[in-house]
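Below are the chains, spelled out letter by letter.
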Amino acid sequence: MTREAVSRASVGQDRRVPVVYHIPVCPFSQRLEILLELKGLGGHVDFHVVDITRPRPGWLLEKTHGTTALPVLDTGEGEVIKESLVILQYLEDRFPEPAVAQRDPYRHAVEGMLNAMEGSFSAQGYRYVMNQDPERRPELRQGMLDLYARLDDFLMRHNPSGTFLFEEFGLAETVYTPFFMRFWFLEYYEDFDLPQVDRYARVRKWREACLGHPAAKQVTREQIVKLYYDYAKGMGNGALHPGRTLSSFVFDPDWATRPWPPKDKYGHAATDQELGLATG
Ligand SMILES: N[C@@H](CCC(=O)N[C@@H](CS)C(=O)NCC(=O)O)C(=O)O
C-alpha cells in the first residue's frame, strides 16, 4: 500500500475529527502540520486560526482553562491537549501509520534525547532576536553557536555520516525544522549564520536537509522576516512597540504585499507606514 492509502485506512476507522487551534505562523503549530504532511493526513485534522493580535475568545479560554498558549488540540470529543510535543505524540499514537517517530525503543529514546534539547535551542534564538542591547550581541551569538555545537555533537555521536538523525526526516526533524526556519530572522536582523567550519558541518548538513524537505513548506523566509519584525524590536506575541498601532502579525494587509522591513533593529524603529501596515 502507498503511504496515502495507509493513512486513509487508519483515518477511515476513526470518525472523530480532531481540531487544532493555532496561530498560523507559530513554530509549535508548524510541527503538527509537518507531522500530518508526513503522514498524508493534511485534510484529516481541522485547523482553526486564532488571531494573536486580539484577546483570546471566551469559548477558547474555556477549553484551555484560562491558559493562552497555542496550539491546543481538541480530540473531537471535547478532550483538550496542550503542548506541541505532547500533541505530536498523541497524533503519532492515534494515526500510527505511516510511522514518523521511531518504533524501536532505543531509537525512540535517542530522538527523545535530541528533542529534549529543543527548549533551550528555541529560547536562545528568541532571546537573541528580541535583544535590544547592542553590547549583548557577542554573548548571544556565542550562546547560539554553543547550542548548534551541542546538536552537532549529538548527531556526530548517533549518525556521523548520515544526513538526518536516522535514515529519514522523522520526529526530531519535525520538532526542529520550524525553528531552523524561524531563525531566518537571526540571519536578517542579526547577521547571524553558522560559520562555514568543520565544527558545525554535521548540524549544518542536517539543517539544510530539514529546510529543503517537501513536508516543511508551510512558511517562507520572506513571511518570517516580515511577520517577526516586532520580535526584532523586543515585542513578542502580538505586543506593540510605542508609536505603533498595528502588530507585524496582523493578517490584513497581507504580509506578501508589505515591503521588507529595515534590517537595522538597533538604530531604527519602523512606523506602521514603513512596514506597509497602515492602509489609509
Ligand atoms: N511549549 C508550548 C509553547 C507554545 C507557545 O509558546 N505558543 C505561542 C505561539 S507561537 C503562544 O501561544 N503564545 C501566546 C501565549 O502564550 O499566550 C508548545 O510547545 O506548544
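Keep in mind the model is a prediction, meaning the values are calculated, not measured.

Next up on the list: the side chain of Glu92. Within the fold, Glu92 resides in helix α4 (residues 84-94). Engagement of the side chain of Glu92 in a polar contact is seen with the backbone nitrogen of Val100, the distance being 2.9 Å. For Glu92, the contacting residues outside a window of four places in its chain are Leu35, Lys39, Ala99, Val100, Ala101 and Arg103.

This next bit is on the pattern of salt bridges. For the structure on display, the rule yields 18 salt bridges. The residue Arg31 makes a salt bridge to Glu118 at a minimum N-O spacing of 2.6 Å. Pair noted here: Arg31 is in helix α2 (residues 27-39) and Glu118 is in helix α6 (residues 118-130), with a separation of 87 residues, a long-range link. Given the relative accessible area of 13%, Glu118 is considered buried. Here Asp51 and Arg54 are joined by a salt bridge, their closest N and O atoms 3.0 Å apart. You can call Asp51 buried: its relative accessible area is 18%. Taking the relative accessible area as the measure of exposure, Arg54 reaches 56% and is therefore exposed.

Turning next to the sheet that holds strand β4 (residues 80-82). Strands in a sheet are paired, the pairing made by backbone hydrogen bonds, and the direction either parallel or antiparallel. The four strands lie next to each other as β2-β1-β3-β4, forming an open sheet whose pairing is mixed. The open sheet has two free edges, formed respectively by β2 (46-49) and β4, since each of these has just one partner strand. Sheet twist, expressed as the average angle between the axes of neighbouring strands with direction ignored, equals 25°. Sheet topology note: the strand β1 (residues 19-22)/strand β3 (residues 72-74) ladder contains three bridges and is antiparallel. Note on β3: the bridge partner recorded for Val20 is Leu73. With respect to the sheet, α4 is in contact with β3 and β4, its orientation differing from that of β4 by roughly 125°.

This next bit is on the nonpolar core. Counting 83 residues, the largest nonpolar core has Phe121, Tyr148 and Trp206 as its most contacted members. At nine residues, helix α7 (residues 137-158) tops the list of elements feeding residues into this core. Excluding anything up to four places from it in sequence, Trp206 contacts Leu114, Leu151, Leu155, Thr163, Phe164, Leu165, Ala172, Glu173, Tyr176 and Phe180.

Let us look at the confidence of the model for the protein chain. Mean pLDDT over the protein chain works out to 93, with 94% of the residues at or above the 70 mark. Residue range residues 1-12 is modelled with pLDDT below 50. Its contacts to residues more than four positions away, or to other chains, number 17 contacts.

Another aspect to go through is the pairing of β1. Residues Val19 and Tyr21 line one face of β1 and the alternating positions Val20 and His22 line the opposite face, and both faces are buried. As paired elements, β1 and β2 share four bridges and run parallel to each other. Paired with His22 across the bridge in β2 is Val49. The parallel pair β1 and β2, bridged by α2, forms a crossover whose chirality is right-handed.

To continue, consider the site of the ligand. Near the ligand you find Ile23, Cys26, Pro27, Phe28, Arg56, Thr68, Ala69, Leu70, Pro71, Glu83, Ser84 and Asn237, and these make up its full shell. Within the backbone of Leu70, one N or O atom sits 2.7 Å away from a nitrogen atom of the ligand. Between the ligand and Asn237, the relevant distance is 3.1 Å, taken from a nitrogen atom to a side-chain nitrogen or oxygen of the residue. Relative to its free-state accessible area of 510 Å², the ligand is covered by the protein chains to the extent of 76%. Spatially, the ligand is embedded in the largest pocket. Its residues assigned to classes, the shell around the ligand shows seven nonpolar, three polar and two charged.

Next up on the list: unusual backbone geometry. For the bond running from Leu70 to Pro71, omega is 10°, close enough to zero to count as cis. Mapped onto the fold, Pro71 is located in the loop between α3 (58-63) and β3. Following Glu97, the chain continues into Pro98 via a peptide bond in cis, with omega recorded as -10°. Its location among the elements puts Pro98 in the loop between α4 and α5 (105-115). The phi angle at His65 is positive, at roughly 55°, despite the residue not being glycine. Within the element layout of this structure, His65 appears in the loop between α3 and β3. The phi angle at Asp191 is positive, at roughly 55°, despite the residue not being glycine. The topology assignment puts Asp191 in the loop between α9 (184-190) and α10 (201-211).

Cut-offs used in this document
- Residues numbered from 1 in each chain as written.
- Predicted model: local features only at pLDDT ≥ 70, side-chain atom pairs only at ≥ 80, totals over all residues.
- Heavy atoms only, no water.
- Helix = DSSP H or I, 4+ residues; strand = E, 2+ residues; numbered from the N terminus.
- Polar contact = N/O pair within 3.5 Å; in protein donor to acceptor, adjacent residues only side chain to side chain.
- Contact = heavy atoms within 4.5 Å.
- Salt bridge = Lys/Arg side-chain N within 4 Å of Asp/Glu carboxyl O.
- Buried < 20%, exposed > 50% of the residue type's maximum accessible area, 1.4 Å probe, protein only.
- Pairing = 2+ DSSP bridges.
- Axes fitted to C-alpha atoms, helices over the stretch in contact; angles between N-to-C directions.
- Core = buried A, V, L, I, M, F, W, Y, C linked by side-chain atoms within 4.5 Å.
- pLDDT = per-residue confidence, 0-100.
- Right-handed = clockwise from strand over helix to strand, strands pointing away.
- Near = heavy atom within 4 Å.
- Areas by Shrake-Rupley, 256 points an atom, 1.4 Å probe, with all protein chains shown as cover.
- 1 Å grid on protein atoms, 1.4 Å probe; cavity = no way out; pocket = protein on both sides within 12 Å on 5 of 7 lines; lining within 4 Å.
- Sits in = over half its atoms within 2 Å of the grid points.
- Nonpolar A, V, L, I, M, F, W, Y, C, P; charged D, E, K, R; others polar.

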